[in-house]
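# Close look at the chain arrangement
As a plain string of letters, each chain reads:
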Amino acid sequence: MKIAVTYEKGQIFQHFGHTAQFKVYDVENGAITTATVIDTEGSGHGALAGFLQKHGVDTLICGGIGGGAQAALANAGITLYGGVQGYADDAVKALLSGNLQYNPDVHCSHHEHKQENGIHTCGSHGCVKHD
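As a starting point, this report considers the structure included with it.

Once that is clear, we can look at the environment of Ile61. Looking at the secondary structure, you find Ile61 in strand β5 (residues 59-61). Look at Ile61 and you get buried, because its relative accessible area is 0%. Counting along the chain gives 49 residues from Ile61 to Ile12, while the straight-line C-alpha distance between them is 8.0 Å. Apart from residues no more than four positions distant in its own chain, Ile61 is found in contact with Ile3, Ala4, Val5, Thr6, Ile12, Tyr81, Val84, Ala91, Val92, Leu95 and Leu100.

Turning next to the pairing of strand β4 (residues 31-39). Here strand β3 (residues 21-28) runs beside β4; their pairing, made up of 8 bridges, is antiparallel. Among the inter-strand pairings, Phe22 is bridged to a residue of β4, identified as Ile38. Count of turn residues in the β3/β4 antiparallel hairpin: 2 residues, of which Asn29 carries a positive phi of about 50°.

Next up on the list: the pattern of salt bridges. One side chain can pair with another of opposite charge once the charged atoms of both are near each other. In this structure the tally under the stated criterion is 2 salt bridges. Among the salt bridges present, the one from Asp26 reaches Lys2, with a minimum N-O distance of 3.6 Å. Of this pair, Asp26 sits in strand β3 while Lys2 sits in strand β1 (residues 2-8), and the two are 24 residues apart along the sequence. Of the charged contacts, one joins Lys23 and Asp89 as a salt bridge, the two residues approaching to 2.9 Å between their closest N and O atoms. One end of the pair, Lys23, is in strand β3; the other, Asp89, is in helix α3 (residues 88-97), with 66 residues separating them in the sequence. The exposure class of Lys23 is buried, given its relative accessible area of 12%. Classification of Asp89 as partly exposed rests on a relative accessible area of 31%.

This next bit is on α3. Every buried residue belonging to α3 is among Ala88, Ala91, Val92, Ala94 and Leu95, and all of these are buried. What you see down the axis of α3 is that its buried residues fit within an arc of 160°, all on one side. Looking at the buried side of α3, the elements it contacts are β1, β2 (11-12), β3, β4, β5 and β6 (79-81). Gly98 lies just past α3 and shows a positive phi near 80°.

Turning to the side chain of Lys23, a few remarks are in order. Side-chain polar atoms of Lys23 contact the side chain of Asp89, separated by 2.9 Å. Look past the residues within four positions of Lys23 in its chain and what remains in contact with it is Ile3, Ala4, Val5, Tyr7, Ala35, Thr36, Val37 and Asp89.

Looking now at unusual backbone geometry. The backbone phi angle of Lys9 is positive, close to 50°, even though this residue is not glycine. Mapped onto the secondary structure, Lys9 falls in the loop between β1 and β2. Of note, the phi angle at Asn29 is positive, near 50°, even though the residue is not glycine. When you line up the elements, Asn29 lands in the loop between β3 and β4.

So, about the environment of Gln85. Looking at where Gln85 falls in the secondary structure, it is placed in the loop between β6 and α3. In this structure Gln85 comes out as exposed when scored by relative accessible area, which is 66%. Along the primary structure Gln85 and Ile12 are separated by 73 residues, whereas in three dimensions their C-alpha atoms are 5.8 Å apart. In this view, Gln85 contacts Ile12 and Gln14; residues no more than four positions away in its chain are not counted.

Rules of the game
Residues numbered from 1 in each chain as written. Predicted model: local features only at pLDDT ≥ 70, side-chain atom pairs only at ≥ 80, totals over all residues. Heavy atoms only, no water. Helix = DSSP H or I, 4+ residues; strand = E, 2+ residues; numbered from the N terminus. Buried < 20%, exposed > 50% of the residue type's maximum accessible area, 1.4 Å probe, protein only. Contact = heavy atoms within 4.5 Å. Pairing = 2+ DSSP bridges. Salt bridge = Lys/Arg side-chain N within 4 Å of Asp/Glu carboxyl O. Arc of directions from axis to C-beta. Polar contact = N/O pair within 3.5 Å; in protein donor to acceptor, adjacent residues only side chain to side chain.

In short, shape yes, function no, at least from these values alone.
What follows is the structure, given as structure tokens:
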């Protein structure tokens, strides 16, 4: 199993589409064997599902996430645990012990979606309010 967590300064970053880093955990027999922070290399929103798939991730823990990104993750075969807050390491340990508190109906709907030249943009915001 390979688990990715949206990551910023030890915490779960709260906007999937704007995450600059993931902390990726390799898990064998229910135990973390390695943990590495990887840079998203400027990938955003829907492209992040392919980025995670390329890195062999099969599970994602994050804060807020939009419907398009959720669909992209599902198409990539990545299991989503959204609406999670706190420390990344603690969330992974909670998932492995069957105690992770998450929101199966999470979605990011705090901003107006704009289309510019056919490209979705979120504008400039702090991404602190998520459903």
